[in-house]
Structure formats: structure tokens, C-alpha cells
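Commentary on secondary and tertiary structure
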Amino acid sequence: MRVLKLKLFQETACYKKPFAFKTWETHPLPPYSTVIGMLHSILNAEEYISMSISVQGNYESKFTNFQSIYFYKPKEITKMPLNIHLLYNVNLIIHVRAENEILEEIVFGIKNLNEHLSLGRKEDLVRIDEVKFVEVKEIDIDELDDGRKIECPIYIPIEQLPEDVWGISYRLNWKYKVINGLRQWEKINVKYVESGEIISYDNFLQDEEGDLIYFNTPL
């Protein structure tokens, strides 16, 4: 199986958690909806395009920035000082599985961008370090004597979580439908698994460079 692999860098980023109003807390990695939003922006998509993604990465540290945020209402503009949690020096690996034509369009779109890319807030700029196609294969855990160590923090959907691996629970936005003028999100239950955990019991996907892959939707 051939998929698209992106290596991204952000000096700072805030992947805001829903309902975090007085303090903007951030997820440790971008939620699926945030990543797919960036990919759809690259594609200039006007409707949802089916794809699966895997998200992993790390950051150097986390800090708080005190900012004045403007709120636009129909008849007035207000502002409020808020604490914004920011990740510093973020490195991400994104795997994308979709129709080959779609993957080629993403590559073309990245090479012909009309404006900067962002991931998270508009000001959370993205530097694209690498874009390439990679082959993916399933690894039989029974062929490994010592299991497989997770080298990079990663989101793993609950239904794919290896039996012996521990992580922090999140319920991430994926895609939405507009019902009565409101967005109704489809969500995916995942574990955020830190590096150092060992996979001992279940098979897993791995690309040709040795990076793990856990797609958010079934293959």
C-alpha cells in the first residue's frame, strides 16, 4: 500500500480544545479535524473528500502566552485577555491514505501554494520539511522478539489500541455535518500514547522508514 507522508514543523502551535474558553488549552497533537482542514485547504476542496490520516509528533516544551482576543458579534466587537497554551518547536509526521489522484493533487497543491499554511490557529505557521510517497506494510508482532517500542507520541483509535499499551483518552473531532445551521461533529475516541510504550501483542502498520501508522478510520 502506498500512502503520502508529510513531515511538518511549527515553531509554536495551539490546537485548541473544544469548550476551553477562559484558557485556551491545547491538545498535544493536532486533532484529525485540524489536519483534514489543512489538507482540504491545500486541495481547495468545496466538499468533504474521503481520506484516512495518522498523526504523530513531539514538541520541545509548552508555555503560556497572555493575549487579548477579539470576539466578533453581529453588532459589536469585544475583547478579553486570555491565557493561551502554546506548544514550542513542534515536529509532526502525517500519513495520508486516499485515492491516488487525491494524493497527487495534495502534492501538486503543496508545490503551488498561494499563501502560507497554518495548522491550529491562523498564525500557527507550518514549515513543510518533506513530502513523499512511502510503502506501508503490516508487521506481524509474533516475528519480533522484544515487541515494538513506540518512538514518537501518536494518536491511536481505541479500537486499534494494542492490549498492553497505555495512553491518555481524547475524543477528537473528525468531520461534521451542518444540521439546522449548526455543525454536528463526528468524533473518534483515541488514546494519546507517549514514546516508550511497548507493543507486544497486536500487529501494526509501519512505513518503509520504520515509522508507525495508526489511521483514524478503517482501511
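Structural notes, computed from the coordinates. (Residues numbered from 1 in each chain as written. Predicted model: local features only at pLDDT ≥ 70, side-chain atom pairs only at ≥ 80, totals over all residues. Heavy atoms only, no water.)

1. Some points on the overall build of the protein
Scanning the protein for helices and strands turns up two helices and 12 strands. Seen in sequence order, the protein has helices and strands lined up from the N terminus as β-β-α-β-β-α-β-β-β-β-β-β-β-β. Taking 17 Å as the expected radius of gyration for a compact globule of 219 residues, we find that the protein reaches 18 Å, a close match to that expectation. With respect to the three principal axes, the spread of C-alpha positions in the protein is 65 × 35 × 35 Å. In the protein, which comprises 219 residues, the proportion classed as buried is 43%. Of the contacts formed within the protein by residues at least 6 apart in sequence, a portion of 74% connects residues at least 24 apart. With an accessible surface of roughly 12,500 Å², the protein has 47% of that area assigned to carbon and sulfur atoms. When the 25 positive and 34 negative side-chain charges of the protein are each reduced to one mean point, those points stand 11 Å apart. (Helix = DSSP H or I, 4+ residues; strand = E, 2+ residues; numbered from the N terminus. Rg over C-alpha atoms; globule rule 2.2 N^0.38 Å. Buried < 20%, exposed > 50% of the residue type's maximum accessible area, 1.4 Å probe, protein only. Contact = heavy atoms within 4.5 Å. Areas by Shrake-Rupley, 256 points an atom, 1.4 Å probe, with all protein chains shown as cover. Lys, Arg positive; Asp, Glu negative; His and termini not counted. Charge placed at Lys NZ, Arg CZ, Asp CG, Glu CD.)

2. Quick look at the packing of aromatic side chains
The tally for this structure, following the rule as stated, stands at seven aromatic pairs. Three or more aromatic residues link up through ring pairs in this structure, and these residues are Tyr-32, Tyr-48, Tyr-155, Tyr-170, Trp-174 and Tyr-192. Above the ring of Phe-133, the side-chain terminus of Arg-2 is found at 3.8 Å from the ring centroid. (Phe/Tyr/Trp six-rings, centres within 6.5 Å; stacked < 30°, edge-to-face > 60°. Lys NZ or Arg CZ within 6 Å of the ring centre and 35° of its normal.)

3. As for the pattern of salt bridges
Opposite charge on two side chains allows them to pair when their charged atoms are near. Counted under the stated rule, the structure contains 11 salt bridges. When the shortest N-O distance is used, the salt bridge between Glu-115 and Lys-122 registers 3.7 Å. The class for Glu-115 is partly exposed, based on a relative accessible area of 47%. The residue Glu-209 makes a salt bridge to Lys-132 at a minimum N-O spacing of 2.7 Å. Taken together, the positions of Glu-209 in the loop between strand E11 (204-207) and strand E12 (212-213) and Lys-132 in strand E5 (residues 127-139) put the pair 77 residues apart, joining distant regions of the chain. (Salt bridge = Lys/Arg side-chain N within 4 Å of Asp/Glu carboxyl O.)

4. Quick word on helix H2 (residues 100-111)
The first and last C-alpha atoms of H2 sit 17 Å apart over 12 residues, in line with the 16 Å expected at 1.5 Å per residue. All buried positions along H2 are accounted for by Ile-102, Leu-103, Ile-106, Val-107, Gly-109 and Ile-110. For H2, the angular spread of the buried residues around the axis is 165°, confining them to a single face. More than 90 degrees from the buried face of H2, the exposed residues found are Glu-101, Phe-108 and Lys-111. Elements in contact with the buried residues of H2: strand E1 (2-13), helix H1 (32-42), strand E4 (77-97) and E5. (Expected span 1.5 Å × (residues − 1). Arc of directions from axis to C-beta.)

5. A few points about the environment of Asp-142
Secondary-structure assignment places Asp-142 in the loop between E5 and strand E6 (148-149). On the basis of relative accessible area, Asp-142 is assigned to the exposed category, the value being 67%. Between the C-alpha atom of Asp-142 and that of Val-35, which follows or precedes it by 107 residues, the distance is 33 Å.

6. Things to note about the pairing of strand E7 (residues 154-157)
The two faces of E7 match: Ile-154 and Ile-156 on one face and Tyr-155 and Pro-157 on the other face are all buried. Inspection of the sheet shows E7 paired to strand E9 (residues 182-193) by four bridges, in the antiparallel sense. Bridging across to E9, Ile-156 finds its partner in Lys-191. (Pairing = 2+ DSSP bridges.)

That is the geometry; function is a separate question.
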